[in-house]
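Summary of the model geometry
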Amino acid sequence: MLPAAIRRILTDRNHDGAARELQRSLAPAAALIASLSLTACAAVPAGSPEAIKAHVAYLASDALEGREPGTSGYGEAADYVVAAFRKAGLKPGADGAWFQNVPLVMTERELAGAEFEMIAPSGERRKLAYLEDYVAGKPLDREVFAVEGAAVFAGYGVIDADTGYDDYGSIDVRGKIAVVFSGAPKSFEGAKRAYLGESDFKKANAAARGAIGLITLPTRQSEATSPWERAVERAHSPEAAYVGPNGLAH
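Throughout what follows, the structure given in this document is the object of discussion. (Residues numbered from 1 in each chain as written. Predicted model: local features only at pLDDT ≥ 70, side-chain atom pairs only at ≥ 80, totals over all residues. Heavy atoms only, no water.)

Focus on the sheet that holds strand β10 (residues 213-217)
- Taken together, three strands build an open sheet; the order of strands is β6-β9-β10 and the sheet is parallel. Looking along the sheet, the strands with just one partner apiece sit at the ends: β6 (151-153) and β10. Here the strands of the sheet are splayed against their neighbours by 30° on average, with no regard to which way each runs.
- Of the pairings in the sheet, the one linking β6 to strand β9 (residues 177-181) comprises three bridges and is parallel in character. From the neighbouring strand, F153 faces β9, where its bridge partner is V179. (Pairing = 2+ DSSP bridges. Helix = DSSP H or I, 4+ residues; strand = E, 2+ residues; numbered from the N terminus. Axes fitted to C-alpha atoms, helices over the stretch in contact; angles between N-to-C directions.)

Considerations on the pattern of salt bridges
- Summed over the entire model, instances satisfying the criterion amount to five salt bridges.
- Notably, a salt bridge pairs R174 with D172, separated by 2.9 Å at the nearest N-O pair.
- A relative accessible area of 33% means that D172 is categorised as partly exposed. (Salt bridge = Lys/Arg side-chain N within 4 Å of Asp/Glu carboxyl O. Buried < 20%, exposed > 50% of the residue type's maximum accessible area, 1.4 Å probe, protein only.)

Considering helix α6 (residues 199-208)
- Taken residue by residue, α6 has K202, N205 and A206 as its buried positions. Projected onto a plane normal to the axis of α6, the buried residues spread over an arc of 95° and lie on a single side. Seen from the buried face of α6, the exposed residues on the opposite side, beyond 90 degrees, are D200, A207 and A208.
- Of the surrounding secondary structure, the elements contacted by the buried residues of α6 are β7 (159-160), β9, α5 (190-196) and β10.
- The positive-phi residue at the C-terminal boundary of α6 is G210, with phi of around 95°. (Arc of directions from axis to C-beta. Contact = heavy atoms within 4.5 Å.)

Considerations on the environment of Y195
- Mapping Y195 onto the fold places it in helix α5.
- For Y195, a relative accessible area of 46% translates into the label partly exposed.
- Taking the C-alpha atoms as reference points, Y195 and G183, separated by 12 residues in sequence, lie 9.1 Å from one another.

A word on the nonpolar core
- Counting nine residues, the largest nonpolar core is built from A114, F116, L128, Y130, L131, Y134, A136, V232 and A235.
- Sequence-distant contacts of L128, defined by excluding residues within four places in its chain, comprise F116, M118, D133 and Y134.
- Among the nonpolar cores identified, the runner-up in size contains eight residues, and V173, A178, V180 and A211 belong to it. (Core = buried A, V, L, I, M, F, W, Y, C linked by side-chain atoms within 4.5 Å.)

The following block contains the structure:
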């Protein structure tokens, strides 16, 4: 059984108003960095490697705190991009405005409510410790979820229509929990491998095959590029998703 309580906050971000509010509370250091970065870009030709490097250095800096939607760092990054666009002579395309209203749903894990128990065929039970042994997902369509079923291993959980590759093959995961490795097989290269290894696609693959849950196991390679400590750190962070016209989050 794997229940986890999720707090959902529906927001409708009006960035024009939010940006003004964020500007009033902007840290002087962050404003200074932005000013210096734009000044540095003005000293070199637009589109040059130096100018691009200066833009990226600022947008990736700690001053913007990750640029998560709804945060001051996001608003500052957006305002910075608008200033750069104006300087380059571009015109706004969102009905004459630089920003659009975007409805978002914010999810945040309530850590105290998570449980994960494994039951062996012999009946032996073992409870896992949250943030030590596992991190629960954050469903966007419910506040609390519980899943219980047999676990079935399905390789990487990858399906590729172009090559006919299918980790599920004849494996029946209907009404069960699919267990897969993170990433994608080495037989795929570059962008294709990264695309197939995305967790959202693996969730979609599992759901399409009738699975009721998905467990992803890290590999040595995934641990090298994205260590467990990073997953634990992200577990405390809220996450935003776009709410479409049908009212569903994506």
